[in-house]
Amino acid sequence: MQRAIFIILFFSLSISAQNKRPLDHSDYDQWQKIEDQQISRSGNIVSYTVKAQEGDGVLEIYDSKASEKKIIKRGTKSKISFNENFVAAIIKAPYHTIRAEKKEGKKKLKLTQDSLKVWDIKKEKIIFEIPRVKEFLFPEEADNSLAFRKIPAKENKDEEEKAKTFELGVINLSNSKTIDLKHVSDYAFDKTGEYLYVIRQGADSIVKSGVYSLNLNDFKYSIIDTLAVHYKKLSVFDAKTISYISSKDSLDAENIKFNLNLLQKSKTVNITSYGLKKGWIISEYQKPEFSENGLRLFFGLQKERPLIEKDTLLEDEKAKVDVWHYKDGQLQSEQEADKKKIKEKSFLAVYHIKSKKIVQLADEDVDEIILDKKKNLLSVIGLSNKKYRIEKSFNFPWNKDLYSININNGLRRKVFEGIADKPKLSPFGNYATVFSRKDSSWYNIDLKKGKPYKLTSNTNKSRFYDEENDIPSPAEAYGKAYWSRDEKYLIINDRYDLWRIHPKNSRGKVNITDYFGFRNKIRFRYLEVEKEEEYIPENGIFVLHGFSETTKDEGIYLGDITKNNPWMKFEDEIRVSKVIKAKEANAHIFLQESFYESPNIYLAKTKHWTSTKLSDLNPQQKNFKWGSVDLISWKSYSNKPLEGLLYYPADFNPAKKYPMIIYFYEIYSDRKNKYYPPSPSRSIVNFSYLTSNDYLVFVPDIKYNIGQPGQDAFDAVMSGVEKVEEFQFVDSENMAIQGQSWGGYQVAYLVTQTNKFKCAMAGAPVSNMTSAYGGIRWKSGLSREFQYEKTQSRLGKDLWKGIDLYIDNSPLFMAPKVKTPLLMMHNDNDGAVPYYQGIEYFMALRRLGKPAWLLIYNDEEHNLKKRKNMKDLTVRMYQFFDHYLKNAPAPKWLIEGVPYIDKGKDYGYKLLE
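Small disclaimer: the values here were computed from a predicted structure and weren't measured.

**Some thoughts on the overall build of the chain**
Of regular secondary structure, the chain possesses 15 helices and 56 strands. Radius of gyration (C-alpha) of the chain: 30 Å, near the 29 Å computed for a compact globule of 913 residues. Per-residue burial for the chain yields a buried fraction of 53% across its 913 residues.

The structure is reproduced here in structure tokens:
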């Protein structure tokens, strides 16, 4: 059977590959992707940006009624107005113009700037073109106006530092009148577009700091409040109800105190005057938010900071020291990484507008509050990690205690201890649903009574926990729980199917997919297709994503919760993502892709999900050799069933032998239908590039036991390699391995266990688990201990109880066994894996005289961010593989290195004959 597949592949692919050329590094810039996709309320208008990797993109606007598409060059960040009369977009400055101006040395504000265009859908023309625009906004439920923030023509450092103000333009789209407002620091429309509210920070004697309103019909400008010095955090409920914070303190004051203000029916009230708990002040960092019914105003509080007496020391006389204390809830490194977050940490409170009562919901003991988006609740959820903070360094999952908090009086009750997953609040705040990893079950908690109801139990046909979990921590749930709007039932996932469950009765649960998923090994997941939707639709019709574990193909399914009959709408060799529903119509947009087809946007407008392809990205692909992919299976050395992906060269010939690169991380076979656009590498090989250039690529899945991650990687990878070596077209003498991060560690380990590979490349590898264990993840400031004991490294013990495990799984201690030429990348700003891990391994290999190279990209992170560095890595990585696997000439850097004095001048790419 396998031989027949190869013969078919050979004849079909060899014909299609004629007159096509392989990809090279100059081709990457042509490839595009879709961003900012959105669909209008009625589903008639779709807009999306086609973004180039490097260069100018376009905005495409599709009118489904007229079946017409409008293309706007360099358009991005588009928005469709509420009544679908207009589409507005930022127009990026031309890429090559900016590049030329930067080469001339022009300063930032002197460069050609982005602009704004407004497209009138009915008139089918551009009606406004406005230069130097940073952002824009339509009213939420109106088409009458548009506000836009202008980019200044020159810098005003003092003003920017003190007030961060800008010039705001406003257009009346009905009559084309415009107005400009200077010194604006915040702005917001009311939903219906009657008024625009702005905060202005005074810069001269004419414009006073304050809150103002602009009538959008006649542009009449009114003062709301100019009695304070400083204003922030504007929030608008409706045309006559707004909130903001203000302070009469000088901007230079050390501890500025703010008041919370409510404007309602032309009357402004200082809410702070109703009293806060002693020692608490209004947070200047949290924006006030109204409940959907307008009866509550939520805002942030902070503990008042004591004034610190100024010293008389000179700056160079002050000690600079971090004091690490063993009882600190957060490590000093965490506190440093979270400095801004800690400074701006706010504790939620609510003002009940009718009763004029302030209720503090959060404090230092219970510091996290969960609300729904409408905030019309009876109770809220409070979470506290206070007693678990120290163990966060070495334990996982990170636990919290759950509290029920009465929103009217702030009374709280602890109702569940030690939960790791985020609970889901019911629509009216009567319940909190949570998955407990302790017994792998779902619970529903009655927040009034504090009583938990167990909703699920695990059987052979239905398991609600990840049964493939292979880390030494309790398994997580499959998916999330979803509530019906009326709180009558929940929807919960097992591995394959969906269940409708009564909030208090686990025996009343119904398998609404009728075990279709279980029988066909299809994983169903409910899709949240509306941006503002938190609950299951009232009509019972819902959209499911289905993933076949057998074929790795995906599809969209529609179902009716009340009839237990999901029915497939389409399924093919595809991957489906980013499904978005029109708010008021049965219309959806989504992205569809495969290894052979770039992700394109589709529109489905009928209840039978008949779709129309709207975009046609990357048509240039037809000019290049493009590979193919197949799913293969085998048994590991320990008799575990495994799967992997084998990618074939574009003009595959089963009678020919091909060099092969083996890439791995953990589980990759689920990505069989993922498209890989040719692009410079952030850290790993590109399958499309390699298959276009006569390489086989093998990607084996790896499954783990506890305590032996290195051996398990060897077991899976080497057994998989033996499987594909059965195919005569695999050149066993010319194979290489490559991986990044956890994959980089596994590469570093494998070259100590086998000499089978001609060369290897490892990105950001851990090489010494004994030193890495006590290290810090510098981006987050977290200890690395929990990773080794409880998560990806899977050792299951601390360093002292499992010292043998740490040494046995550390490549560094087996460096004398390495014979494989090894290229490494480890960057000096890596916030995930300390880059001394790469240095330790390199220094060991260098000391032992082993062929090894280390690329350190300066000021770069775990994976490369800067395109110039990505391009450099890509050239070096493929030169390395081509030299060892295809006998291509070696580049100068590989043979002679690059002296520091030549850094940035001679990159050493030249091939040495």
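**Quick look at the pattern of salt bridges**
One pass over the full model with this rule turns up 56 salt bridges. Between lysine 414 and aspartate 401 there is a salt bridge, with its nearest N and O atoms 3.7 Å apart. On the criterion of sequence distance, the pair formed by lysine 414 in strand 28 (residues 412-419) and aspartate 401 in strand 27 (residues 400-406) is long-range, its members being 13 residues apart. Classification of lysine 414 as partly exposed rests on a relative accessible area of 36%. With a relative accessible area of 3%, aspartate 401 lands in the buried category. A single network of salt bridges, built from pairs that share partners, joins Arg463, Glu467, Glu468, Arg495, Arg523, Glu549, Lys552, Glu643 and Asp670.

**With respect to the side chain of glutamine 302**
Mapped onto the secondary structure, glutamine 302 falls in strand 22 (residues 296-303). For glutamine 302, a relative accessible area of 6% corresponds to the buried category. A polar atom in the side chain of glutamine 302 sits 2.9 Å from the backbone oxygen of lysine 343. Separated by 3.0 Å, the side chain of glutamine 302 and the backbone oxygen of lysine 345 make a polar contact.

**Thoughts on the environment of alanine 832**
Turning to its location among the elements, alanine 832 is positioned in the loop between strand 53 (822-825) and helix 13 (836-847). Overall, the relative accessible area of 12% leaves alanine 832 in the buried class. Along the sequence, alanine 832 and asparagine 293 sit 539 residues apart, while their C-alpha atoms lie 44 Å from each other. Sequence-distant contacts of alanine 832, defined by excluding residues within four places in its chain, comprise Arg777, Arg784 and His862.

**Section: the packing of aromatic side chains**
Taken as a whole and judged by the stated rule, the model has 52 aromatic pairs. Judged by centre distance (4.9 Å) and plane angle (85 degrees), the ring pair of phenylalanine 524 and tyrosine 557 falls under edge-to-face. Here phenylalanine 524, found in strand 37 (residues 522-526), pairs with tyrosine 557, found in strand 39 (residues 554-560); they are 33 residues apart in sequence, far enough to count as distant. Taken as a pair, phenylalanine 524 and tyrosine 557 share a single burial class, namely buried. Geometrically, the ring pair formed by tyrosine 647 and phenylalanine 687 is tilted, given 4.8 Å between the ring centres and 40 degrees between the ring planes. Of the two residues, tyrosine 647 sits in strand 46 (residues 641-648) while phenylalanine 687 sits in helix 7 (residues 687-692), which places them 40 residues apart along the sequence.

**Considerations on the confidence of the model for the chain**
Of all residues in the chain, 95% attain a pLDDT of 70 or more, and the chain-wide mean is 92. Counting contacts from residues 1-8, a segment whose pLDDT is below 50, to residues more than four positions away or on other chains yields nine contacts.

**What about the environment of alanine 760?**
Residue placement: alanine 760 occurs in strand 50 (residues 759-763). Take alanine 760: its relative accessible area is 0%, and that puts it in the buried class. C-alpha separation for the pair alanine 760 and leucine 750, spaced 10 residues apart in sequence, amounts to 9.4 Å. Among residues more than four places away in sequence, those in contact with alanine 760 are Ile737, Val747, Val751, Thr820, Pro821, Leu822, Leu823 and Phe880.

Cut-offs applied
Residues numbered from 1 in each chain as written. Predicted model: local features only at pLDDT ≥ 70, side-chain atom pairs only at ≥ 80, totals over all residues. Heavy atoms only, no water. Helix = DSSP H or I, 4+ residues; strand = E, 2+ residues; numbered from the N terminus. Rg over C-alpha atoms; globule rule 2.2 N^0.38 Å. Buried < 20%, exposed > 50% of the residue type's maximum accessible area, 1.4 Å probe, protein only. Salt bridge = Lys/Arg side-chain N within 4 Å of Asp/Glu carboxyl O. Polar contact = N/O pair within 3.5 Å; in protein donor to acceptor, adjacent residues only side chain to side chain. Contact = heavy atoms within 4.5 Å. Phe/Tyr/Trp six-rings, centres within 6.5 Å; stacked < 30°, edge-to-face > 60°. pLDDT = per-residue confidence, 0-100.

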